[in-house]
Amino acid sequence: MSQYRRAMATQANSIFSEDSLRAYYETHKADFVLERPLVRGVYLKVPDEASNLRLLKRLYTSAKADDMDRLEKEAPKTALHYDYFRELWIDWEQIETRIPTEIASPAAFLKAGKPLDISQDGYTYLLHVSDYLPAGSPLPFEAAEPIIRERLLTRNRQAYDAELLKDLYEQALDNGTLTFPNGNPL
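Along each chain, the written sequence defines residue order, and numbers are assigned to residues from 1. Only residues with pLDDT of at least 70 are given local features in this predicted model, and only at 80 or more are side-chain atom pairs given and counted; all residues enter the totals for whole chains, interfaces and linings. Calculated side-chain values reflect all of the structure's heavy atoms, with hydrogen atoms and water omitted.

### Quick look at the overall build of the chain
Then step 1. Numbering goes from the N terminus for both helices and strands, where a helix is a DSSP run of H or I of at least four residues and a strand is a run of E of at least two. Within the chain, the regular secondary structure consists of 8 helices and 4 strands.
Then step 2. Counted from the first residue to the last, the chain has its helices and strands arranged as α-α-α-β-α-α-β-α-α-β-β-α.
Then step 3. Taken across its 186 residues, the chain has 35% of its residues classed as buried.
Then step 4. For the chain, the share of sequence-separated contacts (at least 6 apart) that also reach a separation of at least 24 residues comes to 71%. In this scheme, a residue with accessible area under 20% of its type's maximum is buried, one over 50% is exposed, and one in between is partly exposed, where area comes from a 1.4 Å probe on protein chains only. Working rule for contacts: check all heavy atoms of both residues, and any pair within 4.5 Å makes them a contact.

Okay, here's the thing in structure tokens:
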């Protein structure tokens, strides 16, 4: 059973079709509600004396593909932290903890969509949230997909375990390995 489970875990990405995952998501959408906001965007922490700081400030809010390519090349040169998550939903708290100042109303800040540019203790913190989902919103399919895969994998494991135990039980009864007093199962 444990070998089967290991094999299932390594094959989890290919066991379930995207159609079956989406069908599960649609059927159980009420189970996938955000407890905290999710965001997509760009975050940088750059030393104040960085030679390319002005350029990074211009690029990090741009939606142009050329500017994003340039940002990808420029940010690693001087940024201590560079996270590009415009195509991946991230829990707001993961980003919020990197900002050196408390945002009084995160919901209002995220809803406004204004870039953040803070200089403190020798570093400039740049944050541009390009997309935002508030708490209480449905979890996007892309973010729910790993959870769905795990649920379906667990369901398959349980079905396999039950079938295997039933087969072993019947096999033990048939070959006489398992007997009951008076011939009656408990």
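### As for the side chain of D67
Then step 1. If you trace the backbone, D67 turns up in helix 5 (residues 65–78).
Then step 2. One buried charged residue, D67, remains without a salt bridge, the closest side chain of opposite sign being R58 at 4.0 Å.
Then step 3. For D67, the residues in contact, after removing those within four places along its chain, are R58, L59 and S62. We treat Lys and Arg as the positive residues and Asp and Glu as the negative residues; His and chain ends play no part in the count. When a carboxyl oxygen of Asp or Glu lies within 4 Å of a side-chain nitrogen of Lys or Arg, that pair is called a salt bridge.

### Focus: the environment of Q120
Then step 1. Relative to the elements of secondary structure, Q120 occurs in strand 3 (residues 116–120).
Then step 2. For Q120, a relative accessible area of 27% gives the class partly exposed.
Then step 3. Each C-alpha atom, one on Q120 and one on P100, is 7.4 Å from the other, the two residues being 20 residues apart in sequence.
Then step 4. With residues up to four places along the chain from it excluded, the contact list for Q120 reads P100, T101 and Y125.

### A closer look at the packing of aromatic side chains
Working definition: an aromatic ring pair is given by the centre-to-centre distance plus the angle between the planes.
Then step 1. Pairing of aromatic rings covers Phe, Tyr and Trp, the last through its six-membered ring, and needs centres within 6.5 Å; plane angles under 30 degrees mean stacked, over 60 mean edge-to-face, and all others mean tilted. Applying the stated criterion across every chain, the model contains 3 aromatic pairs.
Then step 2. Arranged with centres 5.9 Å apart and planes meeting at 40 degrees, the rings of W92 and F109 form a pair that is tilted. Here F109 lies in helix 7 (residues 106–112) and W92 lies in helix 6 (residues 92–96), a separation of 17 residues in the sequence.
Then step 3. What makes W92 buried here is its relative accessible area of 2%.

### Re the layout of surface pockets
Rolled over the atoms, a probe as big as a water molecule pinpoints where empty space is left.
Then step 1. Only protein atoms enter the 1 Å grid, on which a cavity is a set of points fitting a 1.4 Å probe that cannot get out and a pocket is an open set with protein on both sides within 12 Å along at least 5 of 7 lines, lining residues being those with an atom within 4 Å of a point. Grid points are joined across faces, edges and corners, and a volume is the space filled by probe spheres set on the points. Its volume calculated, the largest pocket comes out at about 200 Å³.
Then step 2. Looking at the largest pocket, the residues that line it are D31, F32, V33, L34, E35, R36, L38, W89, D91, L139, A143 and I147.
Then step 3. When residues of the lining of the largest pocket are traced back to their parent elements, those giving at least two are strand 2 (81–91) and helix 8 (141–175).
Then step 4. Tallied by class, residues from the lining of the largest pocket come to 8 nonpolar, no polar and 4 charged. Residue polarity follows a fixed list, in which Ala, Val, Leu, Ile, Met, Phe, Trp, Tyr, Cys and Pro are nonpolar, Asp, Glu, Lys and Arg are charged, and the others, Gly among them, are polar.

### Observations regarding helix 3 (residues 18–27)
Then step 1. Buried within helix 3 are the following residues: L21, Y24 and Y25. On an axial view of helix 3, the arc spanned by its buried residues comes to 100 degrees, and they lie on one face. For helix 3, the exposed residues set more than 90 degrees away from the buried face come down to D19, E26 and T27.
Then step 2. Those residues of helix 3 hidden inside the fold are in contact with helix 8. Directions pointing from the helix axis toward each C-beta atom define the arc.

### Comments concerning the packing of helix 3 against helix 8
Then step 1. At their nearest, the axes of helix 3 and helix 8 sit 10 Å apart, and the two run at 100 degrees to each other. Relative to helix 8, helix 3 is oriented roughly perpendicular. Counted together, E18, L21, R22, Y24 and Y25 of helix 3 and F141, E142, A144, E145, I148, R149, R151 and L152 of helix 8 form the full contact between these two elements. The angle between two axes is taken between their N-to-C directions and runs from 0 to 180 degrees, where each axis is a line fitted to C-alpha atoms and a helix contributes only its stretch in contact. For classification, angles of less than 35 degrees are called roughly parallel, those exceeding 145 degrees roughly antiparallel, those between 65 and 115 degrees roughly perpendicular, and all remaining angles oblique.

Function-wise, these values are silent; they only describe arrangement.
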